[in-house]
Structure formats: structure tokens, C-alpha cells
Amino acid sequence: MSYETLAADSSRPGEPTAILEDYERACGTFDWDETRRALGRPPAGGLNMAHAAVDRWVVNGLGNRIAMRFISRQWERRNYSYAALSGQASRFANVLDGLGVAAGDRVFTLAGRIPELYVTLFGALKFGAVYSPLFSAFGPEPVAARLEIGGGRVLVTTTSLYRRKVLPVRNRLPALEHVLLVDASGAELPPGTRSFPELMRAAADTWRIPPTDPEALALLHFTSGTTGKPKGAMHAHEAVVAHYATGRYALDLHPGDVYWCTADPGWVTGISYGAIAPLANGVTMIIDEEEFDAARWYRILAEERVNVWYTAPTAIRMLMKQGKELAAAHHYDRLRHLASVGEPLNPEGVVWGKEVFGRPFHDTWWQTETGAIMIANFRGAEVRPGSMGRPVPGIEAAIVRVRRDDEGNPVAAEPVTTPDTEGELALQPGWPSMFRGYLGNEARYRRSFADGWYLSGDMAKRDGDGWYWFVGRADDVIKSAGHLISPFEVESVLLEHPAVAEAGVIGLPDPVAGEVVKAYVELKPGHAGGDELALQLIGFARKRLGAALAPRSIAFSSQLPRTRSGKIMRRLLRARELGLPEGDTSTLEQGK
Ligand code: WT7
């Protein structure tokens with residue numbers, strides 16, 4: 001079935017017109033410096049993300065506007081005005097000061113969508129510390145690896161997450177001096193922790209943001225590669241310029257809008273578009289503390305009068321699975337713009353949006369490294385279902401053919417001009433939210449560039465009119481429910497099990513989650529594969545990695561395919577599992 005291009009949405013009565021109405025003109029006139037100026041300057045000078053997103057609204061007399069509306073599991077609403085968030089963030093900056101934290105130190109959270117997470121984020125930014133979120137569904141291993149690489153000095157979390165995920169690995173984290181628990185105080189505090197609310201109560205609610213160099217580091221977001229440890233992508237304060245601009249152009253955020261981003265704040269989307277971009281645009285964010293629930297989500301969209309909704313393909317497919325009838329319980333007459341990110345969005349999903357909400361989903365593309373949306377379908381332009389859209393104004397993208405040396409390092413990148421030709425999606429560096437490096441891994445950072453292009457690791461095509469179409473990843477990284485999973489991180493944990501000699505981990509296609517994790521395991525002599533051991537291994541992996549990363553299924557093999565240098569050939573495992581052509585097997589060890 002082919003899908004026809006959908007004409008640009010027309011505004012309904014009372015709706016503002018699209019911010020980006022004329023794509024070509026916007027691209028021609030766009031200027032990062034002009035955008036930078038729109039964000040104002042903190043009194044002490046420089047450019048501070050927390051000032052641009054939160055404090056400047058207070059300074060401009062809009063402090064009473066609601067910045068965040070939390071919806072608890074029991075559906076109690078809790079509002080935080082911009083002024084209240086600003087004051088709480090100032091308190092937290094004072095807390096950090098009192099703890100002896102220095103500018104540039106890393107402050108982590110391990111939490112779900114709780115107010116303290118946002119207070120920590122903006123407090124750390126005001127203070128000049130670097131903020132890094134950890135996904136609350138991670139197990140102790142991924143938590144430890146990221147805190148270790150990041151040299152986390154402060155961690156804000158809950159008592160239960162602390163006991164389950166941090167305590168078992170705390171002796172590996174000598175840099176972690178301060179653990180602040182949001183839900184404990186006094187005698188109930190576990191040893192080695194302090195009370196977040198007690199420290200906050202004792203701190204002043206005013207803080208003068210020190211002059212912040214726009215290049216000073218603000219955020220550390222971990223992402224996964226195919227080999228080696230997680231990579232900490234570093235972002236500077238000036239990234240907020242890109243958050244603000246893309247919030248306007250790609251999400252069509254108008255000041256005063258009600259906006260809902262469903263991403264978890266443990267990942268980059270939940271920070272870039274679940275906190276910074278929306279607040280920099282002066283909207284009211286809806287933050288639902290509950291996990292996915294179709295009926296609840298429809299109710300939120302309708303009752304909270306959401307104008308702009310940013311969600312993900314897995315969620316859209318889960319909604320689709322439950323049928324249109326469930327959606328019909330409400331009217332969505334305030335819903336103006338629907339957008340999606342994180343994984344390929346099927347054309348069926350785009351069109352389903354139109355059928356159920358009267359608006360199509362607008363796919364957008366970006367990565368942890370790019371910090372902000374790079375390619376998008378715009379509200380004011382036609383939508384090509386199945387396409388990621390076109391580069392946002394200020395961004396130059398290309399499809400490039402990459403030449404690599406024997407070790408796989410890129411040595412040359414040449415733009416492909418013929419339309420509909422597959423190549424690697426590349427970007428011209430220079431936009432404000434471009435990552436500034438991988439913490440402690442300069443070599444890996446350098447390998448992301450060739451001939452002046454940033455290489456995304458995604459394969460794509462561009463059609464004759466400039467629309468980009470996703471083809472697949474160039475590497476073995478797994479995308480499951482929008483989360484990037486490193487096969488290496490999963491393999492490393494499986495190898496710790498006494499029965500496992502070798503492990504190869506791949507992503508298998510899944511109709512809802514996009515991909516699910518499957519592990520192939522070679523056992524040590526004396527161990528026999530079977531359902532029982534498979535369950536044991538899954539349990540073992542879940543305990544250490546958490547449910548989000550652990551394999552869903554395990555297969556035993558007496559001989560995994562390896563290269564002559566001993567590396568497991570994941571690509572071949574996948575091809576064999578799916579009955580695809582095996583491709584180039586010239587490096588395969590003989591007889592496998
Ligand atoms: C990878 C980046 C999405 C930003 C936050 C997560 C895949 C992203 C799309 C899309 C197809 C997509 C790519 C990309 N991806 N958006 N619209 N269509 N694939 O960032 O965890 O660093 O993941 O997600 O493979 O490289 P991330």
C-alpha cells in the first residue's frame with residue numbers, strides 16, 4: 001500500500017498559524033545569532049540554559065504562568081509556576097554550594113517523572129554543574145557504568161531506587177560523595193545518604209547565576225555503541241538556542257501552549273523536549289507520573305486540552321493496537337500538532353493520527369549527539385508518510401558515501417547527489433546543540449567525523465525534493481521501544497554468568513517495539529542448554545541490567561559465528577535468524 005502526500009494542516013478557527021509557514025524562506029533567512037539574542041542574557045552575562053528556559057520568564061513578568069503540571073497516579077494535579085520552579089532551582093543551587101560542589105561537577109538523577117528531577121536539572125544548570133539523567137528502569141550495572149564514566153559526585157534519587165540499584169554498586173563509585181533522597185528524612189535515611197527536602201528547606205530561594213560561558217558544559221547524556229562502554233555525549237549551555245529554535249519550528253510551540261512530551265526524563269528526549277525546549281518557549285508542560293495506559297492518555301489529551309503532543313512510534317503502535325473506539329470517548333479540539341521521534345514511524349501511524357485526531361503525526365529525526373531535532377515534518381508543510389521530513393532551518397544535511405580503513409575508521413565522506421540513493425546520513429557541524437565530545441573518549445569522538453561531516457551512523461535516502469527517508473542503522477545497535485541498546489552491554493552481563501562462555505546479542509524485528517533483544521549463548525563445558533537455563537539467564541540479566549535492556553529470549557548454540565580475530569558476527573546471527581542473505585562472510589572463521 002502506498003501513502004499519498006498529505007497537504008499541510010490548515011488552522012482551525014482560533015488556532016495560531018504555523019510558525020514555519022514557508023520552508024524555503026525560513027531556511028534562506030534563518031540566523032542562529034538572531035535566535036540566540038531572542039533568549040536574553042542573565043544579569044551576570046553569558047548564556048545559561050536555566051536562565052533561558054526558566055528565569056527569563058520571571059524577569060519578563062510571566063512568572064505566574066504554569067511551567068509544569070504534574071499528574072499523579074491518582075490523577076491529582078500539582079502545578080509549578082515558572083516563578084516557583086525558578087525559586088526551587090535556586091534553592092537547589094544553594095544546596096550544591098553548601099555541599100561544596102564545584103562548577104563542572106556532575107550531578108545525576110535516577111528517578112521517574114517527579115518534580116525533584118526538574119528542580120535538580122535547573123538547579124544544577126544555575127549553579128554551573130553538569131546534569132546527567134539516569135533511566136529509572138536501568139538495573140545496577142548500567143547505573144554503575146554511567147555514574148563511573150561520568151564521575152558523578154551528586155545523585156538525587158528515591159529510597160527504593162537507591163536500595164535496589166545504587167547500594168549494590170556503591171563501593172565501585174568512590175567519586176559519588178552525596179546521595180540525596182527525595183522521600184526520606186531523619187532516622188529513616190539509609191547510611192551514606194541525606195535528605196533532599198531537609199537540605200532544600202534549609203537553603204535560600206535566591207541565587208545569582210554566575211556568568212556562564214555559552215560553551216560551558218551543561219548536560220551529559222549517555223548513549224550506546226556497538227562495542228565498549230556507554231558513551232557520554234557532552235552538551236554545552238548554548239544548546240538551548242537549538243532547543244528553542246526547534247521547539248518553534250519543528251514542534252510549533254507558541255508561548256502559553258499546553259504541551260505534552262511522553263518521553264521518560266531518563267533519556268535525552270525527556271530533557272531536550274520534556275523540559276528545556278518547551279520551557280524556553282514559555283509553554284505549560286504536562287508531566288504524567290504514570291506509565292503508558294491508552295485510556296489514560298486519551299483522557300490527558302482531552303481534559304488537559306493539550307495543544308502540542310510529542311510522542312514515539314512504539315506508543316503510537318500500542319494505541320493503534322487498542323483500536324480507534326477507545327479514542328472516540330473524547331474530543332481533541334485543542335490538539336493542534338502531533339509529532340513523533342525515536343524510531344521509524346510507519347506510514348500507517350502517520351495516517352492513523354489524522355483519522356483519530358484529525359491531524360497526522362509529524363515524524364522527526366535526531367540523536368543524543370545532535371541534542372535537538374535535525375530533520376522534521378513541519379506543521380506548515382505537506383507530510384510525506386514514511387519520511388522523516390526535511391532539515392530544520394539552520395541545519396545542513398546530506399547523504400554521504402563513507403570510505404573506511406581496515407579498522408573501520410572513516411577516512412573520506414563524499415555527498416551523494418543522485419536522489420533516492422542509499423548512504424549515511426551526515427550533518428554539517430556548527431549548530432548549537434551539537435555534542436562537544438564523548439566524555440573521556442576523544443578517539444571515538446574523532447571517529448564520528450570525516451571530511452568535515454558528522455556521520456550519524458544511520459543509513460538513509462533523500463528524494464528528489466529533499467525529503468529524507470530512514471533505511472536502517474549502519475551498526476549493530478538495537479532500538480527497542482525507542483531506547484538505544486548496546487549489544488555489548490548485554491553481552492558483558494551474560495558473560496558474567498558461570499554457565500556462559502560466549503554471547504552474541506542482536507535486535508529482532510517486533511511489530512510494536514520495533515526491535516526486541518535476543519541473545520545467542522555458547523555454554524561452558526558441563527552445562528546443557530534448555531528452557532530452565534534460558535529463564536535463569538533472562539532473570540540474571542534482568543536483575544543486573546533492568547527490564548529495559550535484558551534479552552527477551554535466549555538461544556543456545558554450540559558454535560557462534562566468529563571472525564578470524566575472534567569477534568562474534570552479530571550481523572550473521574541476525575541474517576541467519578531472519579533468513580536474510582548472509583552478505584560478505586570473507587572474514588568468517590572457517591567452518592562456522
Ligand atoms: C537513533 C538515535 C530520537 C532522539 C532521542 C534518542 C533512531 C531517531 C528516528 C526517526 C527512524 C530514528 C536513529 C537514530 N531514530 N529518530 N524519526 N526515524 N529512526 O536518541 O537514543 O541517540 O537514538 O534513533 O537510529 O540514530 P538516540
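Fair warning: this is a prediction, and the values are worked out from it, not measured in the lab.

**Re empty space enclosed by the protein**
Scanning the model with the defined rule gives one cavity of 30 Å³ or more in all. If you add up the space inside the largest cavity, you get close to 40 Å³. As for the largest cavity, its lining consists of Arg106, Val130, Leu217, Leu219, Leu220, Met234 and Leu439. Broken down by element, the lining of the largest cavity gets its largest block of residues, three residues, from strand E8 (residues 217–223).

**A word on the pattern of salt bridges**
Opposite charge on two side chains makes pairing possible when the charged atoms of those side chains draw close. Applying the stated rule across the entire model yields 43 salt bridges. Note that Asp252 and Arg379 form a salt bridge whose closest N and O atoms lie 2.6 Å from each other. Remark: Arg379 occurs in the loop between strand E15 (375–376) and strand E16 (390–391) and Asp252 occurs in the loop between helix H9 (239–249) and strand E10 (258–261); sequence separation between them is 127 residues. Overall, Asp252 belongs to the buried group, its relative accessible area being 2%. Each of Asp9, Arg12, Glu15, Asp252, Asp257, Arg336, Lys354, Arg359 and Arg379 takes part in a single network of salt bridges with overlapping partners.

**Looking at helix H17 (residues 531–545)**
Between its first and last C-alpha, H17 extends 21 Å over 15 residues, near the 21 Å set by a 1.5 Å rise per residue. Turning to H17, its buried residues are Leu533, Ala534, Leu537, Ile538, Phe540, Ala541 and Leu545. Viewed along the axis of H17, the buried residues span an arc of 160 degrees, placing them on a single side of the element. Facing away from the buried side of H17, by more than 90 degrees, are the exposed residues Asp531, Glu532, Leu535 and Lys543. A positive phi of about 90 degrees marks Gly546, the residue just after H17.

**Observations regarding the sheet that holds strand E11 (residues 284–288)**
By way of backbone hydrogen bonds, the strands of a sheet pair with one another, either parallel or antiparallel. Strand order in the open sheet made by the nine strands is E2-E1-E11-E10-E12-E13-E14-E15-E16, with mixed pairing throughout. Of all the strands in the sheet, the pair left with one neighbour each is strand E2 (77–81) and E16. Here strand E1 (residues 66–71) runs beside E11; their pairing, made up of four bridges, is parallel. The residue of E11 that forms the bridge with Phe70 is Ile287. Across the sheet, helix H5 (residues 115–127) lies against E1, E2 and E11, angled at about 150 degrees from E1, the strand it touches most. Lying on the sheet, helix H11 (residues 294–303) is in contact with E1, E2, E10, E11 and strand E12 (308–311); it crosses E11 at an angle near 160 degrees.

Definitions and limits used
Residues numbered from 1 in each chain as written. Predicted model: local features only at pLDDT ≥ 70, side-chain atom pairs only at ≥ 80, totals over all residues. Heavy atoms only, no water. 1 Å grid on protein atoms, 1.4 Å probe; cavity = no way out; pocket = protein on both sides within 12 Å on 5 of 7 lines; lining within 4 Å. Points joined across faces, edges and corners; volume = space filled by probe spheres on them. Helix = DSSP H or I, 4+ residues; strand = E, 2+ residues; numbered from the N terminus. Salt bridge = Lys/Arg side-chain N within 4 Å of Asp/Glu carboxyl O. Buried < 20%, exposed > 50% of the residue type's maximum accessible area, 1.4 Å probe, protein only. Expected span 1.5 Å × (residues − 1). Arc of directions from axis to C-beta. Pairing = 2+ DSSP bridges. Contact = heavy atoms within 4.5 Å. Axes fitted to C-alpha atoms, helices over the stretch in contact; angles between N-to-C directions.

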